[in-house]
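Given next are the chains, with one letter for each unit.
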Protein chains: 2
Amino acid sequence: MSRTTLDTAALAHDLRLAVMRFSRRLRNQRVDHSVTLTHLAALSTLKRNGPMSPGELAAQERVQPPSMTRVVVALEGMGLVTRTPHPTDGRQVIIDLTQTAEDLLTEEARAREAWLSGQLQSLTPEERTVLREAAEIMEKLAGG
Amino acid sequence: MSRTTLDTAALAHDLRLAVMRFSRRLRNQRVDHSVTLTHLAALSTLKRNGPMSPGELAAQERVQPPSMTRVVVALEGMGLVTRTPHPTDGRQVIIDLTQTAEDLLTEEARAREAWLSGQLQSLTPEERTVLREAAEIMEKLAGG
DNA sequence: TATTGTTATACTCTATAACTATA
DNA sequence: TATAGTTATAGAGTATAACAATA
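We now turn to the structure provided with this report.

Parameters at a glance
Residues numbered from 1 in each chain as written. Chains lettered and ligands numbered in written order. Predicted model: local features only at pLDDT ≥ 70, side-chain atom pairs only at ≥ 80, totals over all residues. Heavy atoms only, no water. Least-squares fit on C-alpha atoms with pLDDT ≥ 70 in both. Near = heavy atom within 4 Å. Polar contact = N/O pair within 3.5 Å; in protein donor to acceptor, adjacent residues only side chain to side chain. Contact = heavy atoms within 4.5 Å. Buried area = accessible area lost by both parts, 1.4 Å probe. Salt bridge = Lys/Arg side-chain N within 4 Å of Asp/Glu carboxyl O. Helix = DSSP H or I, 4+ residues; strand = E, 2+ residues; numbered from the N terminus. Nonpolar A, V, L, I, M, F, W, Y, C, P; charged D, E, K, R; others polar.

### Some thoughts on the relation of the copies chain A and chain B
Between chain A and chain B, the superposition needs a rotation of 180 degrees and an axial shift of 0.0 Å, giving an RMSD of 0.1 Å. The transformation just described matches what one would write down for a two-fold rotation axis.

### Structural notes on the protein's contact with DNA strand D
Around DNA strand D sit 26 residues in total, of which R24 and R83 of chain A together with T36, R70 and G90 of chain B are the nearest. Sugar and phosphate atoms constitute 69% of the interface atoms of DNA strand D, taking the interface as everything within 4 Å of the protein. Within the backbone of V93 of chain A, one N or O atom sits 3.4 Å away from a phosphate oxygen of DNA strand D. Here G90 of chain B contributes a backbone N or O atom positioned 2.7 Å from a phosphate oxygen of DNA strand D.

### Concerning the interface of chain A and chain B
Taken together, the contacts link 58 residues of chain A with 58 residues of chain B. Surface buried jointly by chain A and chain B totals about 6,000 Å² across both partners, of which 64% is contributed by carbon and sulfur atoms. On the chain A side of the contact with chain B, R16, R21 and L141 of chain A bury the most area, a combined 12% of that side's loss. Where chain A touches chain B, the interface holds 10 salt bridges. In this structure, E61 of chain A engages R24 of chain B in a salt bridge whose closest nitrogen and oxygen atoms are separated by 3.2 Å. Where the side of chain A that touches chain B is concerned, the elements lending two or more residues are α1 (3-28), α2 (37-49), α3 (54-61), α6 (114-121) and α7 (125-143) of chain A. With 23 residues, α1 of chain A is the single largest residue contributor to the side of chain A that touches chain B. Grouping the constituent residues of the side of chain A that touches chain B by class yields 26 nonpolar, 15 polar and 17 charged.

Below you can see the structure in the form of structure tokens.
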């Protein structure tokens, strides 16, 4: 095994543990328990990329369609998204945010990400740059 | 709000989504379904840091003690760890790896991390350096 | 009284398989 | 037939609360 291969194996190991522990920490940091992190992630994606079908949303979030169905049903029940029929394709549905969700996201941007934002503020600018670049790379790996 | 504060909020948002999607991808990448990623993480920690109590293991993995109890029970049932009484403190238990687990970890280092290692190999050395540094920072944030 | 670990219980997250409706 | 979405079902992962044993 080459030097690079060994290093890569070690990195794979360390990165896996770090991501698992960090994501646990993020989930546990919830304060408002009515909207979960998974729900919030879906809402954030809708906010960022606009209305879309459940299938498209599932693909973006890297989950299977049935998993997204559950999320959408829950969000609709909370009045955070609407489901409207696709104008031309009767099989499809378009998911969109309600004003309540828009307001919630604005609030969340302040409240729910407070812990993480605070933690990030305590880092050096160089460390934040590393995380910013790492976020892009992880998105690439998640989608590839 | 200062420029740095705004940037940090955006980073918090992007980093959260990236970590969630990446960790989903890692979980789904399982091939051998007998040992889950959570189990493997606990075994890896024992391998790296040696025998320890369930409480200590829970703390290292950033989960609550009852959650770790379930993991340990499952691992003991599979013959991957042993539970022996602490020599002086009757309340405590020491969890240690069996030879089977050692062998499994050796195999996993090759097999289960193959996907991630392969992905990492396809990155540039600079990108790997970013992830290596990011892993350290995320561990710090997870523990802080 | 404090600490360690476990049991009991419940909720979140996600998946696969099977079904319905539309194209 | 193929595609989009949903329902049914199940399993993994985690938590809080209450309990038992030991210090």
